[in-house]
Amino acid sequence: QVQLVESGGGLVQAGGSLRLSCAATGRIFRINRMGWYRQAPGKQRELVATITSGGSTNYADSVKGRFTISRDNAKNTVYLQMNSLKPEDTAVYYCNADIMQFGSYYMNYWGKGTLVTVSS
């Protein structure tokens, strides 16, 4: 069974930094796109950043220049370095990935989320 396990969330003051990690585990043959989404209280889940297996990245305008997504293909892990954090970045951050298991086809998976709280 494939799982995405996030870590690295927590409480930080405005202007601070956090680094999120998400490791994909299970009988994984290949991972295509990986990404981070977030959902603030009372709001819809939104895209934060994505990265392809080749390293092409895409960011939400609200985080450009502050957040950096990266991945380690050998470890099936994606990271999100968050700098210059703002109170409006407070949300549950979810990892997402398109994963192919051995003998199967690509399916989309979500992690359970990790809470990031930015105090003013």
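Check the entry above for the structure.
Keep in mind that this is a model prediction, so the values were computed, not measured.

Draft legend 1. Inspection of the pairing of strand 4 (residues 28-39) at higher detail. Direction of pairing for strand 4 relative to strand 9 (residues 91-101): antiparallel, over a ladder of nine bridges. Bridging across to strand 9, Ile 31 finds its partner in Ile 99. Here strand 4 runs beside strand 5 (residues 46-51); their pairing, made up of five bridges, is antiparallel. Looking at the pairing, Arg 38 lines up with Glu 46 of strand 5.

Draft legend 2. Region of the structure containing the packing of aromatic side chains. Counting across every chain of the model gives three aromatic pairs. Geometrically, the ring pair formed by Tyr 94 and Trp 110 is edge-to-face, given 6.5 Å between the ring centres and 85° between the ring planes. Of this pair, Tyr 94 sits in strand 9 while Trp 110 sits in strand 10 (residues 106-110), and the two are 16 residues apart along the sequence. Exposure remark for Trp 110: the relative accessible area of 39% places this residue in the partly exposed category. Ring-pair connections join several aromatic residues into one group, and the members of that group are Tyr 37, Tyr 94 and Trp 110.

Draft legend 3. Local environment of the nonpolar core. Grouped together as the largest cluster of nonpolar side chains are 32 residues, with contacts concentrated most on Trp 36, Leu 80, Met 82, Tyr 93 and Ile 99. Counting only elements with at least two residues in this core, the list comes to strand 3 (18-25), strand 4, strand 5, strand 7 (67-72), strand 8 (77-82), strand 9 and strand 11 (114-119). Take this core: its biggest share by element is five residues, from strand 9. Every residue in contact with Leu 80, bar those within four places of it in the chain, is listed here: Leu 18, Arg 19, Leu 20, Trp 36, Val 48, Ala 49, Phe 67, Thr 68, Ile 69 and Tyr 93.

Draft legend 4. Broad picture of the pattern of salt bridges. Per the stated rule, a full pass over the model turns up five salt bridges. In this structure, Asp 98 engages Arg 33 in a salt bridge whose closest nitrogen and oxygen atoms are separated by 3.4 Å. With Asp 98 in strand 9 and Arg 33 in strand 4, this residue pair connects regions lying 65 residues apart in the sequence. Judged by its relative accessible area of 18%, Asp 98 is buried. Here Arg 38 makes a salt bridge to Asp 89, at a shortest N to O gap of 2.9 Å. With a gap of 51 residues between them, Arg 38 in strand 4 and Asp 89 in the loop between strand 8 and strand 9 connect regions that are remote in the sequence. Using a relative accessible area of 5% as the deciding quantity, one classes Arg 38 as buried. Connected through salt bridges with shared partners, the residues Arg 38, Glu 46, Arg 66 and Asp 89 form a single ionic network.

Draft legend 5. Layout of the state of the cysteines. One pass over the full model with this rule turns up one disulfide. Between the sulfur atoms of Cys 22 and its disulfide mate Cys 95 the distance is 2.1 Å. Linking Cys 22 and Cys 95, the disulfide has an S-S dihedral of approximately -85° and is accordingly described as left-handed. Within this pair, whereas Cys 22 is found in strand 3, its partner Cys 95 is found in strand 9, the two being separated by 73 residues in sequence. For the pair Cys 22 and Cys 95, one class covers both residues: buried.

Conventions we followed
Residues numbered from 1 in each chain as written. Predicted model: local features only at pLDDT ≥ 70, side-chain atom pairs only at ≥ 80, totals over all residues. Heavy atoms only, no water. Pairing = 2+ DSSP bridges. Helix = DSSP H or I, 4+ residues; strand = E, 2+ residues; numbered from the N terminus. Phe/Tyr/Trp six-rings, centres within 6.5 Å; stacked < 30°, edge-to-face > 60°. Buried < 20%, exposed > 50% of the residue type's maximum accessible area, 1.4 Å probe, protein only. Core = buried A, V, L, I, M, F, W, Y, C linked by side-chain atoms within 4.5 Å. Contact = heavy atoms within 4.5 Å. Salt bridge = Lys/Arg side-chain N within 4 Å of Asp/Glu carboxyl O. Disulfide = S-S within 2.5 Å.

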